[in-house]
Amino acid sequence: MTAAPANEVLPESVALSGKAINLVVDGHHILVDVSVDVAAGEFLAIIGPNGAGKTSLINVLSVATPPTSGTVHLRGRDVTGLPPHRVARSGLGRTFQTSNLFLGRSLLENARLAANGRDARLRTGFRRVLKDDPVTERARETLDLVGLGRRPDRLASELSHGEQRKLELAMVLAQGASVILLDEPMAGVSVDDVAELVELIRRVHREQGKTTVMVEHHIHVVLDLAERIGVMHHGAMIAIGPPDEIIANDVVQTAYMGEPL
Ligand SMILES: Nc1ncnc2c1ncn2[C@@H]1O[C@H](COP(=O)(O)OP(=O)(O)OP(=O)(O)O)[C@@H](O)[C@H]1O
C-alpha cells in the first residue's frame, strides 16, 4: 500500500487513522507499512510481543514521533508533522508507559496544568489556585470523575501506581481529548487495583464517548475492554479484528511462539 496523499481528507467517522506508516531509526526498520483506522467511539487494543513496535506506533499516532513515511489523520485532518501540543489541542491525548506526572506537585496542580493546555486563553501555569477559575473547575471535575477528588492537595508522589494511572487519565480528560491513547495503563499497577482501573477506563470510554486506543500486555484486560484487537510483530500489524477472531488466528499464536493468548 502506498502513502495517502498529504492533503487527503478522510471521513470524520474515522477518528484516528494511520496510513502506510514506516519508521526507520538508525537503520532499524521499527514500523513496517502499518495502516490502522480507528472508528469514532471505538475501543481498539494493540497487543504484541516485547519489542513488536506497539509504543513506537502510539508515538507516531500521537505525533510525538514523525514517521519516516506515511500519514496520521485525526478526524479526517492530516496532522502528520504538526507540533504535538497543537494536535493535543485538537483533541488527541495520551498516557505514557512510564508516568510523566509532576510528582512534586499536587493532584490539582497536575490536573490544572493539563486543563490549562486545552485553551491558551486560560493559561495560568502553576499560579495560585482561584476557586472560580474555570481551569481549576475543569481540573476538579476530572479529578472527581476518576475518583481522586476527595483530597486534591495530596502530592502526586503520595499516590499508589494505580492512583497515578487514574491521575494520568484525569489529565487527558482535563486536556479535553476525545481520542485517547493509553500506553500500558496497567503497568506497575497492583493486582488488587487492576479491576478498578479497568472499570474506570471502561466508564470513561463509554460515558464520555471517547475513542480509545490501548497498548496492553495483560490479555484479560484487553479481552475485557477491546472491541477490536490489532496484533503487532516485528514492526508490522499482522492481524486486526474482533477479539474472537484474533484469539483463533494461527498467525497470532505463532507470533506469541505458541503461548496461548
Ligand atoms: N529511538 C529508538 N532508537 C532505536 N531503536 C528503537 C527506538 N525506539 C524503539 N526502538 C526499538 O524498536 C523496537 C520496538 O520498540 P517498542 O518500544 O515500540 O516496542 P513495544 O512493542 O512497545 O515493546 P514493549 O512491549 O517491550 O514495550 C524495539 O526493538 C526497540 O528496541
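Within each chain, residue numbers correspond to sequence positions counted from 1 in written order. Whole-chain, interface and lining totals are the exception, using all residues; otherwise, since this is a predicted model, local features are given only for residues with pLDDT of at least 70 and side-chain atom pairs are given and counted only at 80 or more.

1. Brief notes about the overall build of the chain
Operational definition: Helix and strand assignments come from DSSP, with helices taken as H or I runs of at least 4 residues and strands as E runs of at least 2, each series counted from the N terminus. Remark: C-beta atoms are placed from the backbone, and a residue is labelled buried if 20 or more other C-beta atoms sit within 10 Å of its own, exposed if 12 or fewer do, or partly exposed between those counts. Residues are defined as contacting one another if the C-beta atoms placed from their backbone atoms lie within 7 Å.
The helix and strand tally for the chain stands at 9 helices and 10 strands. Here the chain, with 261 residues, has 43% of them falling under the buried criterion. Pairs at least 24 residues apart make up 66% of the contacts formed inside the chain by residues separated by at least 6 positions.

2. Some words on the sheet that holds strand β5 (residues 77–78)
Heads up, the rule is: The pairing criterion for strands is at least two bridges between them, as found by DSSP. The angle between two axes is taken between their N-to-C directions and runs from 0 to 180 degrees, where each axis is a line fitted to C-alpha atoms and a helix contributes only its stretch in contact.
Spatial strand order, β2-β1-β4-β5: 4 strands in an open sheet with antiparallel pairing. On the outer flanks of this sheet lie β2 (28–39) and β5, each paired with one strand and no other. Bridge count for strand β1 (residues 14–25) against β2 is 8 bridges, and the pairing is antiparallel. Among the inter-strand pairings, Ile 21 is bridged to a residue of β2, identified as Val 34. Running at roughly 120° to β1, helix α1 (residues 54–61) makes contact with β1, β2 and β4 (69–74) of the sheet.

3. Brief notes about α1
Burial analysis of α1 places 7 of its 8 residues in the buried class, which makes it a mostly covered element. Those residues of α1 that fall on the buried side of the exposure criterion are Lys 54, Ser 56, Leu 57, Ile 58, Asn 59, Val 60 and Leu 61. Two residues or fewer past α1, Val 63 is found with a positive phi of approximately 60°.

4. Focus on the packing of helix α4 (residues 134–145) against helix α5 (residues 161–174)
Basically, it comes down to this: An angle below 35 degrees is read as roughly parallel, one above 145 as roughly antiparallel, one from 65 to 115 as roughly perpendicular, and any other as oblique. Note: crossing handedness is left-handed where the near helix turns anticlockwise from the far helix by less than a right angle, and right-handed where it turns clockwise. Here the nonpolar group is Ala, Val, Leu, Ile, Met, Phe, Trp, Tyr, Cys and Pro; Asp, Glu, Lys and Arg are the charged ones; every other residue, Gly included, is treated as polar.
As a packed pair, α4 and α5 sit with axes 9 Å apart at the nearest point and diverge in direction by 135°. Between α4 and α5, the interaxial angle falls into the category oblique. For the pair α4 and α5, the crossing hand works out as right-handed. Contacts from Arg 138, Ala 139, Thr 142, Leu 143 and Leu 145 of α4 reach α5 at Ala 170, Leu 173 and Ala 174. In terms of residue class, the contact of α4 with α5 is made up of 6 nonpolar, 1 polar and 1 charged.

5. Details of the domain arrangement of the chain
Applicable threshold: All the domain ranges listed were derived from an automatic or database domain assignment.
Segmentation of the chain into domains returns domain 1 (1–90 + 180–186 + 211–261) and domain 2 (92–177). In this complex, domain 1 contributes 15 residues to the contact, which on the side of domain 2 involves 12 residues. For the side of domain 1 that touches domain 2, the secondary-structure elements that each account for two or more residues are α1, α2 (84–89) and β7 (179–183). Tallied by class, the residues present in the side of domain 1 that touches domain 2 amount to 8 nonpolar, 4 polar and 3 charged.

6. Here we look at the site of the ligand
Definition in use: Residues are counted as near a molecule or strand when the C-beta atom, derived from backbone positions, lies within 6 Å of that molecule or strand.
As a structural note, the neighbourhood of the ligand is formed by Val 25, Asp 26, His 28, Ile 30, Gly 48, Asn 50, Gly 51, Ala 52, Gly 53, Lys 54, Thr 55 and Ser 56. Put simply, the parts of the chain that give the shell around the ligand at least two residues each are β2 and α1. Sorting elements by how many residues they give to the shell around the ligand places α1 first, with 3 residues. Looking at the shell around the ligand, its residues break down into 3 nonpolar, 7 polar and 2 charged.

7. Concerning the environment of Thr 68
With respect to the secondary-structure elements, Thr 68 resides in the loop between α1 and β4. Sequence separation between Thr 68 and Ile 21 is 47 residues; the distance between their C-alpha atoms is 7.5 Å. If sequence neighbours within four positions are ignored, Thr 68 has contacts with Asn 22, Leu 23 and Val 24.

8. Brief notes about the environment of Arg 77
With respect to the secondary-structure elements, Arg 77 resides in strand β5. The spacing of Arg 77 and Ile 229 is 152 residues in sequence and 24 Å in space, taken between C-alpha atoms.

9. Comments concerning helix α6 (residues 191–207)
Put simply, the rule is: One less than the number of residues in a helix, times 1.5 Å, gives the span that helix is expected to have.
Compared with the 24 Å implied by 1.5 Å per residue over 17 residues, the 25 Å span of α6 between its first and last C-alpha is a close match. Residues of α6 that are buried in the fold lie against β3 (43–47), α5, β8 (211–215) and α7 (219–225). Just downstream of α6 lies Gly 209, where phi reads positive at about 60°.

10. Concerning the packing of α5 against α6
One can describe the packing of α5 onto α6 by two numbers: an axis separation of 10 Å at closest approach and a directional angle of 10°. It follows that α5 is roughly parallel to α6 by the angle criterion. Along the contact surface, α5 presents Gly 162, Arg 165, Lys 166, Leu 169 and Leu 173, while α6 presents Asp 193, Glu 196, Leu 197, Leu 200 and Val 204. Its residues assigned to classes, the contact of α5 with α6 comprises 5 nonpolar, 1 polar and 4 charged.

11. A closer look at the pairing of β1
The antiparallel pairing of β1 with β2 creates a hairpin that spans 2 residues between the two strands, and Asp 26 there sits at a positive phi of about 50°. Sheet topology note: the β1/β4 ladder contains 5 bridges and is antiparallel. Each bridged residue has a counterpart across the sheet, and for Asn 22 the counterpart in β4 is Ser 69.

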